[in-house]
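Analysis of the macromolecular model
One letter stands for each residue in the lines below.
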Number of protein chains: 2
Amino acid sequence: MPRIALVCEYDGTDFVGYQIQNNGRSVQEEINKAVSSLYKEEIKVTGCSRTDAGVHARHHVCSCDVPFIIPEDKVPFALNAFLPPDVAVKKAVYVRDDFSARFDTLGKTYIYRIYSGPIRSPLKSRYAHHVTFKLDVDKMKDAAAHFAGEHDFAAFCAAGGSQTTTVRRVHSVKVTVSSDDPNLIEIEVSGEAFLYNMVRIIAGTLLYVGIGKILPSDIPMIIDSCDRKLAGKTLPPEGLTLEKVFYKEDI
Amino acid sequence: MPRIALVCEYDGTDFVGYQIQNNGRSVQEEINKAVSSLYKEEIKVTGCSRTDAGVHARHHVCSCDVPFIIPEDKVPFALNAFLPPDVAVKKAVYVRDDFSARFDTLGKTYIYRIYSGPIRSPLKSRYAHHVTFKLDVDKMKDAAAHFAGEHDFAAFCAAGGSQTTTVRRVHSVKVTVSSDDPNLIEIEVSGEAFLYNMVRIIAGTLLYVGIGKILPSDIPMIIDSCDRKLAGKTLPPEGLTLEKVFYKEDI
């Protein structure tokens, strides 16, 4: 059976997360239903990663085996007809038989968006976490530079993860102000792999730097401590978007 | 009684429109309830304009008389505590006794956003109208230049308006590609006042220019014809946002 990888975009607001759960709508279940409807047999997809309830994805990859070939460029249109408005398949690529959307990832890029202003913004609240205080972006940039490299990120891991090691390689953490809006701050985090809630805790730590509660120069010490209590709080899901997943293949 | 003007932002998706109606949630009703709760008496606001169901506003102005003075900079925070997540008061300004949010407007700026790409985007669909075809933006820009000035815009008016004249002054119509995303096209329309659905029909006409169904040089003839059938179709509400309302005062 040919194996196909699907690049999906979704608005996580009304989902319990990517993964199938008993307590509500999941992205995975919607994609399973669409793929099963298109190919007229029960098919289950394997995703590159779980995203939590409320977390968005601009480029999430899952894969499955399919019983027959539909041209790659036709697959997204065919599947989107079966998908609800908050999920879409953007691209489909036939891959090698042993391709794993989960285990073959070379890295991922997330962006955490913070809207900083005295008043909440109804037009931004769906995709950015609102904070009322003004942030010192230069300090946040200085702090962000300390995350790159292979470190034990135990201080940046929520309890409940099932990993055997808390060592991860972060490629870069970059803080930028949106060209559209000076109050919208984007924290882009790229790395090989991440611990549970790691990006949201890095974002929370940079937020504390932005309000002066943590110094940029404290970051190496916080990483070294492996103490979750020294890092910032886990920021809420709406600010987080999985922007890109990387594979050896161009997917 | 002092009169106060309130600048509001709202996400129109889950509203039946700005104006109170019997068939669902309206922005006006939410603001009336918040103002009445804060000042502990029944107060009704007057808005600068109605927006249709699904249309958004980044800067909508309404006003009302209030029984006592709360400092201007405190009013937004006090009112936002009573407002749902999809509406916020961004600013409050005490105004002269005869200020009318509706009749004193000097002009308004709207932006209609079109997302052009083969696949729909769940992360953009809330605030942009999706079209699958590629648009010729240069032609749209050429066409847009013909709208400025005082014209009889009967060809760009939906049936059902109650205006006595269909002559309106348009200051400018500008078409730009978003710096964030080459597939996101923004049509900015500024003018003194607008007919019912006028901006959505101008956007629909420029969309027809973008796909080659109408030539840029046809626009003056379409305006002169006063024939609604010659203009493009009325585009759906989700793409439209009221961006700014202008008064003699700085509101």
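See the structure printed just above.
Residues numbered from 1 in each chain as written. Chains lettered and ligands numbered in written order. Predicted model: local features only at pLDDT ≥ 70, side-chain atom pairs only at ≥ 80, totals over all residues. Heavy atoms only, no water.

**Some details on the overall build of chain A**
Inclusion rule: Numbering of helices and strands runs from the N terminus; a helix is a DSSP stretch of H or I covering at least four residues, while a strand is a stretch of E covering at least two. As defined in this context, the radius of gyration uses C-alpha atoms, and a globule is described by 2.2 Å times the residue total to the power 0.38. The contact definition used throughout considers only heavy atoms, calling two residues in contact when any of these lie within 4.5 Å. Methods summary: accessible areas were calculated by the Shrake-Rupley approach with a probe of 1.4 Å, and residue burial reflects only the protein chains presented.
Helix and strand counts for chain A come out as five helices and 10 strands. The C-alpha radius of gyration of chain A comes to 19 Å, within 12% of the 18 Å expected for a compact globule of 251 residues. Once the C-alpha set of chain A is aligned to its principal axes, its extents read approximately 55 × 40 × 35 Å. Long-range pairs, those at least 24 residues apart, make up 72% of the contacts in chain A between residues at least 6 apart in sequence. When the accessible surface of chain A is totalled, it reaches about 11,000 Å², and 52% of it is carbon and sulfur.

**Details of the packing of aromatic side chains**
Note the threshold: Between the rings of Phe, Tyr and Trp (Trp by its six-membered ring), a pair exists once the centres lie within 6.5 Å; its type follows the angle of the planes, with under 30 degrees stacked, over 60 edge-to-face, and the other angles tilted. Relative accessible area decides the class of each residue, using a 1.4 Å probe on protein chains only: under 20% of the type maximum gives buried, over 50% gives exposed, and in between gives partly exposed. Counting as a charge over the ring demands two things of the Lys NZ or Arg CZ atom: a distance within 6 Å of the ring centre and an angle within 35 degrees of the ring normal.
Enumeration over the complete set of coordinates arrives at 12 aromatic pairs over all chains. Seen in terms of ring centroids, Phe99(B) and Tyr247(B) are 5.1 Å apart; in terms of plane orientation they differ by 50 degrees. Their pairing is tilted. Placement of Phe99(B) in the loop between strand 4 (87–95) and strand 5 (107–116) and of Tyr247(B) in the segment after strand 10 (240–246) is noted, with a sequence separation of 148 residues between them. Across the pair, Tyr247(B) and Phe99(B) agree in class, each one buried. Among the aromatic residues, those joined into a cluster by ring pairs are Phe147(A), Phe153(A) and Phe156(A). The residue whose ring lies beneath Lys213(A) is Tyr208(A), and the NZ or CZ to ring-centre distance is 4.4 Å.

**Points about the side chain of Arg113(B)**
Residue and element names in this part refer to chain B. Going by this rule: In protein, a polar contact means a hydrogen-donor-capable atom and an acceptor-capable atom, both N or O and within 3.5 Å, with residues adjacent in sequence counting only if both atoms are side-chain atoms; elsewhere, any N or O pair within 3.5 Å suffices.
Structurally, Arg113 can be placed in strand 5. In terms of polar contacts, Arg113 uses its side chain to reach the side chain of Glu186, at 3.2 Å. In terms of polar contacts, Arg113 uses its side chain to reach the side chain of Glu243, at 3.1 Å. Setting aside anything within four residues of it in sequence, one finds Arg113 in contact with Arg58, Tyr127, Ala128, His129, Leu184, Ile185, Glu186, Gly239, Thr241 and Glu243.

**Side note on the side chain of Ser63(A)**
Residue and element names in this part refer to chain A. Inspection of the secondary structure puts Ser63 in strand 3 (residues 56–65). The class of Ser63 is buried, set by a relative accessible area of 5%. Sequence-distant contacts of Ser63, defined by excluding residues within four places in its chain, comprise Ile4, Ala5, Lys44, Val45, Thr46, Phe99 and Ala101.

**Structural notes on the interface of chain B and chain A**
Operational definition: Ten residues, namely Ala, Val, Leu, Ile, Met, Phe, Trp, Tyr, Cys and Pro, are considered nonpolar, four, namely Asp, Glu, Lys and Arg, are considered charged, and the remaining ones, Gly among them, are considered polar.
Taken together, the contact pairs 29 residues of chain B with 29 residues of chain A. Seen at the junction of chain B and chain A, the total is 14 residue pairs in polar contact (both at pLDDT 80 or more). Every element with two or more residues in the side of chain B that touches chain A is listed here: strand 1 (3–10), strand 3 (56–65), helix 2 (75–80) and strand 4 of chain B. No other element matches the four residues that strand 4 of chain B contributes to the side of chain B that touches chain A. Taken together, the residues of the side of chain B that touches chain A break down into 15 nonpolar, five polar and nine charged.

**Quick word on the pattern of salt bridges**
For clarity, the threshold we go by: Put simply, a salt bridge is a Lys or Arg side-chain nitrogen that is within 4 Å of an Asp or Glu carboxyl oxygen.
According to the stated counting rule, one finds 41 salt bridges over all chains in the structure shown. Residue Asp73(A) pairs with Lys74(A) through a salt bridge whose shortest N-O separation is 3.7 Å. The residue Arg126(B) makes a salt bridge to Asp14(B) at a minimum N-O spacing of 3.8 Å. Of the two residues, Arg126(B) sits in the loop between strand 5 and strand 6 (129–131) while Asp14(B) sits in the loop between strand 1 and helix 1 (27–39), which places them 112 residues apart along the sequence. Connected through shared salt-bridge partners, Arg25(A), Glu30(A), Lys33(A) and Asp86(A) make up one network.

**With respect to the relation of the copies chain B and chain A**
In summary, the two copies of the chain are related to each other by a rotation about an axis coupled with a shift along it. Selection rule: A residue counts toward the fit only if its pLDDT is at least 70 in both copies, and the copies are then superposed by least squares on the C-alpha atoms of those residues.
Superposing chain B onto chain A takes a rotation of 180 degrees combined with a translation of 0.0 Å along the rotation axis, leaving an RMSD of 0.0 Å. Expressed as a symmetry operation, the mapping of one chain copy onto the other fits a two-fold axis. When the interface residues of chain B are mapped onto chain A, 100% of them again lie at the interface, so the same face is used by both copies.

**Re the pairing of strand 3 of chain A**
Residue and element names in this part refer to chain A. Here is the rule we go by: At least two bridges found by DSSP between two strands are what make those strands a pair.
Counting buried positions along strand 3 yields eight of 10 residues, so the element is predominantly enclosed. Of the pairings in the sheet, the one linking strand 2 (residues 46–47) to strand 3 comprises two bridges and is antiparallel in character. Looking at strand 3, one finds that Thr46 is bridged to Ser63. Pairing of strand 3 with strand 10 (residues 240–246), which is carried by two bridges, proceeds in the parallel orientation.

**Quick notes on the environment of Val137(B)**
All names here are of chain B. Here Val137 shows up in helix 3 (residues 137–144). Separated by 125 residues in sequence, Val137 and Gly12 place their C-alpha atoms 27 Å apart. Once residues lying within four places of it in the same chain are set aside, the contact partners of Val137 are Val175, Val177 and Ile185.

**Considerations on the environment of Tyr39(B)**
By the element assignment, Tyr39(B) lies in helix 1. For Tyr39(B), the residues in contact, after removing those within four places along its chain, are Ile4(B), Val66(B), Pro67(B), Phe68(B), Ile70(B), Val75(B) and Tyr94(B).

**Observations concerning helix 3 (residues 137–144) of chain A**
All names here are of chain A. Note the cut-off: Of all possible arcs, the one meant is that of the directions from the helix axis to the C-beta atoms.
Along helix 3, the residues classified as buried are Val137, Met140, Ala143 and Ala144. The buried residues of helix 3 occupy an angular sector of 115 degrees when the element is viewed end-on, so they sit on one face. Along its buried surface, helix 3 packs onto strand 8 (167–177), strand 9 (184–191), helix 4 (198–210) and helix 5 (219–225). A distance of 3.3 Å separates the backbone nitrogen of Asp138 from a side-chain oxygen at the start of helix 3, and that oxygen is part of Asp136.

**So, helix 4 (residues 198–210) of chain B**
Inclusion rule: What a helix should span is 1.5 Å times the count of its residues minus one.
Here helix 4 of chain B is 13 residues long and its end C-alpha atoms lie 18 Å apart, about the 18 Å a rise of 1.5 Å per residue gives. Counting buried positions along helix 4 of chain B yields 13 of 13 residues, so the element is predominantly enclosed.

**With respect to unusual backbone geometry**
Although it is not a glycine, Asn197(A) sits at a positive phi angle of roughly 70 degrees. By the element assignment, Asn197(A) lies in the loop between strand 9 and helix 4. A positive phi angle, close to 55 degrees, is found at Cys226(B), a residue other than glycine. Considering the arrangement of structural elements, one finds Cys226(B) in the loop between helix 5 (219–225) and strand 10. Judged by its relative accessible area of 33%, Cys226(B) is partly exposed.

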